[in-house]
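# Inside the fold
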Amino acid sequence: VGEEIEVNIIAPDDGVTQIPVKIDIDDIKVNEKSDHSKQIKLNDELMMEMRYPSLDQFIKNNFDINDSNFDQSFELIATCVDKIYTEEEVWSTDDVSKKEVLEFLEQMNSIQFKEIEKFFETMPKLSHTISVTNPNTKVKSDVVLEGLASFFA
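Residues numbered from 1 in each chain as written. Predicted model: local features only at pLDDT ≥ 70, side-chain atom pairs only at ≥ 80, totals over all residues. Heavy atoms only, no water.

## Regarding the pattern of salt bridges
The full count for this structure, using the stated rule, is six salt bridges. A salt bridge links K98 to E75, with the shortest nitrogen-to-oxygen separation between them at 2.9 Å. One end of the pair, K98, is in helix α3 (residues 98-106); the other, E75, is in helix α2 (residues 69-80), with 23 residues separating them in the sequence. For the salt bridge of D82 with K83, the shortest nitrogen-to-oxygen distance reads 3.9 Å. Residue class for D82 comes out buried when judged on its relative accessible area of 15%. (Salt bridge = Lys/Arg side-chain N within 4 Å of Asp/Glu carboxyl O. Helix = DSSP H or I, 4+ residues; strand = E, 2+ residues; numbered from the N terminus. Buried < 20%, exposed > 50% of the residue type's maximum accessible area, 1.4 Å probe, protein only.)

Okay, structure coming up:
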């Protein structure tokens, strides 16, 4: 990888025109949200600690078209659960099968899943705002590239 990457931006004003843009890698920053936490409280006694997806998991989730989106999302969540614990005990997901983790997740209610969703929505992301001018319409727009998919898709 060089010091710059080239991406094709779709012009926001017409939604069609592709504009090739070079971005200096040093200008790309990690956006961290203050309300982000790896710990998820499931109920008064049970907590879950998450881990970030690996690059392999990211690639499978964003570029593998063989599985349904629901199945991919559930698989991704299962691989990102690191520990489940109470005040007295800790269970590492490395010590159990993926099937057992999936069964545990299937028992969760919608409120608990909202907390998992918040983990993914607020986790650190690559972010960069770039100004582009549509060569056909001469309209200037700011485009926010966010997440690995924006830079590598």
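Text resumes after the structure shown.
## Remarks on the sheet that holds strand β3 (residues 29-31)
An order of β3-β8-β9 is seen for the three strands of this open sheet, with the pairing classed as antiparallel. Each end of this open sheet is capped by a strand with a single partner; those strands are β3 and β9 (140-146). Direction aside, the axes of adjacent strands within the sheet are offset by 40 degrees on average. Note: β3 against strand β8 (residues 125-133), three bridges, orientation antiparallel. Residue pairing across strands places N31 opposite K125, the latter belonging to β8. (Pairing = 2+ DSSP bridges. Axes fitted to C-alpha atoms, helices over the stretch in contact; angles between N-to-C directions.)

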